[in-house]
Amino acid sequence: MKPIFIANWKMNLLLDDAFALINQMINSIKDESDLENIIIAPPLPYISILSKNYPQIKFAAQDVSFYKNFGSHTGEVSAKMIKNVGSSYTIIGHSERRANSSEANQIVKTKLENSIEAGITPILCVGESLESRKQKNHLNFIEDQLIKSLGNVQNIEHLIIAYEPVWAIGTKIIPTIAEIEEVVGKIKDIVGRSPVAKNIDLVYGGSVNSTNHQDILSAKDISGVLVGSASLDAKELVNMVQVR
Ligand code: PGA
């Protein structure tokens, strides 16, 4: 199986830059089938036009509304709308949202349920803070976060869980392979206790780039990476996708 590459562009790039980056990426990738494993999460307003122009690439929203379908919720965009404009995935519970937008596990859980109902594959992010890692409480922290975020979800088609230690995001600090394997083993154990999804992919995110991605992809049970800042550089993205 080819690894999954999730490009989280966060709040970066104007639309022309987004087109330029994707064009550069497509022109540099030799094997067109490599594009099938790339999921790009651009700023929300770009999804519609990008997904129409690049049917060979998959797109994700970076977040989804807590509210369902339609209603008087100024500024909100529902999972149904995201799906309607060409996004088949959404990131949910990214640590930047948990920290900066006060997204508690309960909110993450509702977003997950809304996405599933709208036919969108969730990319659920979990990860411990530096403090919890230092206190050696990281496994308990992640278990709690995962169980509360998943709620009673059962038997969904596909779920992607991203292990993203908060202390590794944007810091150029990467956990050791043993540390990644320890947490991912724990996540596998938790989701293995009940039939959460028919197909579960576990990916790692946090300071991934073209110099460390191969090592990370060699970790047991890791089937992909979630890349932030390095995904804003077409060369980096192409190197990661082609050299594995
Ligand atoms: P980073 O971001 O690759 O820039 O560390 C990853 C993320 O926030 O998902």
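The following paragraphs examine the structure supplied in this document.

What counts, and where the lines are drawn
Residues numbered from 1 in each chain as written. Predicted model: local features only at pLDDT ≥ 70, side-chain atom pairs only at ≥ 80, totals over all residues. Heavy atoms only, no water. Helix = DSSP H or I, 4+ residues; strand = E, 2+ residues; numbered from the N terminus. Rg over C-alpha atoms; globule rule 2.2 N^0.38 Å. Buried < 20%, exposed > 50% of the residue type's maximum accessible area, 1.4 Å probe, protein only. Contact = heavy atoms within 4.5 Å. Areas by Shrake-Rupley, 256 points an atom, 1.4 Å probe, with all protein chains shown as cover. Lys, Arg positive; Asp, Glu negative; His and termini not counted. Charge placed at Lys NZ, Arg CZ, Asp CG, Glu CD. Near = heavy atom within 4 Å. Polar contact = N/O pair within 3.5 Å; in protein donor to acceptor, adjacent residues only side chain to side chain. Nonpolar A, V, L, I, M, F, W, Y, C, P; charged D, E, K, R; others polar. Expected span 1.5 Å × (residues − 1).

## Section: the overall build of the chain
Right, on to step 1. The helix and strand tally for the chain stands at ten helices and eight strands.
Right, on to step 2. Expected size for 244 residues packed as a compact globule is a radius of gyration near 18 Å; at 17 Å, the chain falls within 12% of this value.
Right, on to step 3. For the chain, buried positions account for 50% of its 244 residues.
Right, on to step 4. In the chain, once contacts between residues fewer than 6 apart in sequence are set aside, the share between residues at least 24 apart is 72%.
Right, on to step 5. Roughly 11500 Å² of accessible area belongs to the chain as shown, and the carbon and sulfur atoms make up 51% of that amount.
Right, on to step 6. Once the 24 positive and 27 negative side-chain charges of the chain are each reduced to a mean point, those two points are 3 Å apart.

## Remarks on the site of the ligand
Right, on to step 1. Close contacts around the ligand come from 13 residues, with Lys-10, His-94, Glu-164, Gly-170 and Ser-207 the closest.
Right, on to step 2. Take Glu-164: an N or O atom from its side chain is 2.7 Å from an oxygen atom of the ligand.
Right, on to step 3. Between the ligand and Gly-228 there is a distance of 2.8 Å, counted from an oxygen atom to a backbone nitrogen or oxygen.
Right, on to step 4. Starting from 280 Å² of accessible surface for the ligand in isolation, the protein chains cover 97%.
Right, on to step 5. Within the shell around the ligand, the residues separate by chemical class into four nonpolar, seven polar and two charged.

## Examining the environment of Ser-95
Right, on to step 1. Inspection of the secondary structure puts Ser-95 in helix H4 (residues 95–100).
Right, on to step 2. For the pair Ser-95 and Val-203, spaced 108 residues apart in sequence, the C-alpha separation works out to 15 Å.
Right, on to step 3. Dropping the residues within four chain positions of it, Ser-95 is found in contact with Val-166 and Ile-169.

## Observations regarding the side chain of Ser-231
Right, on to step 1. By the element assignment, Ser-231 lies in the loop between strand S8 (224–227) and helix H10 (234–242).
Right, on to step 2. Judged by its relative accessible area of 0%, Ser-231 falls in the buried class.
Right, on to step 3. Ser-231 has contacts with Ala-7, Asn-8, Trp-9, Leu-21 and Leu-237, leaving out every residue within four places of it along the chain.

## With respect to the environment of Ile-107
Right, on to step 1. Here Ile-107 is to be found in helix H5 (residues 105–117).
Right, on to step 2. Along the sequence, Ile-107 and Ile-169 sit 62 residues apart, while their C-alpha atoms lie 22 Å from each other.
Right, on to step 3. Those residues in contact with Ile-107 that sit more than four places away from it in its chain are Phe-66 and Ser-102.

## Details of helix H8 (residues 177–191)
Right, on to step 1. Across its 15 residues, H8 extends 21 Å between first and last C-alpha, which sits within 8% of the 21 Å expected from 1.5 Å per residue.
Right, on to step 2. Those residues of H8 that are buried lie in contact with strand S5 (121–126), helix H6 (130–134), helix H7 (138–150), strand S6 (156–163), strand S7 (197–205) and helix H9 (213–217).

By themselves these figures say nothing about function.
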